[in-house]
Amino acid sequence: MRSWLRSNVAMLLRRIALLYFVQFLCRIVFYLYNRSLIGPIAVGELPSLLRGALLFDTASIVYADLLFVVLSLLPFRFREHGWYRRMLFWYYAAVNSLLIVAVNLADCVYFRYTQKRFTSDEIFFAENGNSLQLILKFAAENWYLLPVGGALVWLLVRGTVRPCAAPGSTTR
């Protein structure tokens, strides 16, 4: 049992489950940040909201992590090498910090100003000459989302440490 917990497939499943959990936490932050605009959620609405959230989260995770999943399941011996595991870890941490955590938290702020969720149409916002200034302004105004994002990134990084590693080991 202990060797299965350390297997590549078990680690991949753990990382994907952690992504669903982080997406769930991002959804809670979104609601708390925008509850004055959204209003209360009736108990009868929860099943359909949770179903929609699961479908959306699955699509987001597939888009963000399909390459990671493929690289994690390659049937080659080099997959067991430390350099490959480190590369996969940093790929996972970087991609999900940006595409899952940062985009979801930015969506909290974006929704407050536009009353709609961030979509691919808004990618062209980046072509605006003052995009960096706007991002810095919104980050300063909503500074309390930055530690939340840091905590979620920490959770992604810390949650991907291999279980059953020797004390003091940084095996990922």
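One numbering rule holds for all chains: residues counted from 1, following each sequence as written. Per-residue local features are limited, in this predicted model, to residues with pLDDT of at least 70; the limit for side-chain atom pairs, both in listing and counting, is 80 or more; totals at the level of whole chains, interfaces and linings are taken over all residues. The side-chain values count all of the structure's non-hydrogen atoms but skip hydrogen atoms and water molecules.

## Observations regarding the overall build of the protein
Strands here mean DSSP runs of E at least two residues long; helices mean DSSP runs of H or I at least four residues long; both are numbered from the N terminus. In terms of regular secondary structure, the protein is built from six helices and zero strands. Along the protein, helices (α) and strands (β) appear in the sequence α-α-α-α-α-α when read from the amino end. Taking all 172 residues of the protein together, the buried fraction comes to 31%. Expressed as a percentage of contacts within the protein between residues at least 6 apart in sequence, the contacts between residues at least 24 apart total 77%. Put simply, the protein shows about 11,000 Å² of open surface, and 71% of that area lies on carbon and sulfur atoms. Three labels apply to residues, based on accessible area from a 1.4 Å probe with only protein chains included: buried if under 20% of the type maximum, exposed if over 50%, partly exposed otherwise in between. Residues count as neighbours in contact if any of their non-hydrogen atoms are within 4.5 Å of one another. Using the Shrake-Rupley algorithm and a 1.4 Å probe, accessible areas are obtained, with residue cover drawn only from the displayed protein chains.

## Observations concerning the nonpolar core
Definition used in this section: a nonpolar core is a set of buried Ala, Val, Leu, Ile, Met, Phe, Trp, Tyr and Cys residues joined via side-chain atoms within 4.5 Å. If you look at the biggest cluster of nonpolar residues, it comprises 25 residues, and the most contacted ones within it are V22, C108 and L156. Breaking this core down by element, the ones donating at least two residues are helix 2 (8-38), helix 3 (46-73), helix 4 (82-114) and helix 6 (145-158). In terms of residue count, helix 4 provides more of this core than any other element does, 10 residues in total. In this structure, L156 is in contact with L18, L19, V22, Y92, N96, S97 and V101, ignoring residues within four places of it in sequence.

## Some words on the packing of aromatic side chains
Between 30 and 60 degrees the pair is tilted, below 30 it is stacked and above 60 it is edge-to-face, where a pair is any two Phe, Tyr or Trp rings, Trp via its six-membered ring, whose centres lie within 6.5 Å. As enumerated under the stated definition, the model contains 11 aromatic pairs in all. Between Y33 and Y144 the ring centres are 6.2 Å apart and the planes differ by 40°, which places this aromatic pair in the tilted class. Here Y33 is found in helix 2, whereas its partner Y144 is found in the loop between helix 5 (131-141) and helix 6, with 111 residues between them in sequence. Y144 sits in the partly exposed class, given a relative accessible area of 36%. Measuring from ring centre to ring centre gives 5.1 Å for Y113 and F138, while their planes differ by 35°; the resulting arrangement is tilted. Here F138 lies in helix 5 and Y113 lies in helix 4, a separation of 25 residues in the sequence. Within the aromatic cluster, the residues linked to one another by ring pairs are F76, F78, W83 and Y84. A ring has a charge above it when a Lys NZ or an Arg CZ is no more than 6 Å from the ring centre and no more than 35 degrees off the ring normal. A cation sits over an aromatic face here: R15 above Y92, 5.4 Å from the ring centre.

## Topic: the environment of S48
You can see S48 is positioned in helix 3. One polar contact links the side chain of S48 to the main-chain carbonyl oxygen of E45, over a distance of 3.1 Å. Polar contact criterion, stated in full: a pair of N or O atoms within 3.5 Å, where within protein one must be able to donate a hydrogen and the other to accept it, and residues adjacent in sequence count only if both atoms are side-chain atoms.

## Regarding the side chain of D107
Considering the arrangement of structural elements, one finds D107 in helix 4. According to the relative accessible area criterion, D107 is buried, its value standing at 4%. Ignoring anything within four residues of it in the chain, the contact list for D107 reads F30, R117 and F118.

## Some thoughts on the pattern of salt bridges
Salt bridges are counted wherever a side-chain nitrogen of Lys or Arg sits within 4 Å of a carboxyl oxygen of Asp or Glu. Summed over the entire model, instances satisfying the criterion amount to two salt bridges. Note that D57 is salt-bridged to R27, the shortest N-O span being 2.8 Å. Of the two residues, D57 is situated in helix 3 and R27 in helix 2; the sequence distance between them amounts to 30 residues. Given the relative accessible area of 5%, D57 is considered buried. A relative accessible area of 28% places R27 in the partly exposed class.

## Observations regarding the packing of helix 2 against helix 6
Working convention: axes come from line fits to C-alpha atoms, limited for helices to the stretch in contact. Angles between N-to-C directions cover 0 to 180 degrees. Here helix 2 crosses helix 6 at 165°, and the two axes come no closer than 10 Å. The angle between helix 2 and helix 6 falls in the class roughly antiparallel. Here helix 2 and helix 6 pass one another in a crossing that is right-handed. On helix 6, the residues touching L18, L19, F21, V22, L25, C26, V29 and Y33 of helix 2 are L145, V148, L152, L155 and L156. Amino acids outside the nonpolar list (Ala, Val, Leu, Ile, Met, Phe, Trp, Tyr, Cys, Pro) and the charged list (Asp, Glu, Lys, Arg) are all regarded as polar, and Gly is one of them. The residue makeup of the contact of helix 2 with helix 6, split by class, is 13 nonpolar, no polar and no charged. For classification, angles of less than 35 degrees are called roughly parallel, those exceeding 145 degrees roughly antiparallel, those between 65 and 115 degrees roughly perpendicular, and all remaining angles oblique. The hand of a helix crossing depends on one turn: near helix anticlockwise from the far one by less than a right angle means left-handed, and clockwise means right-handed.

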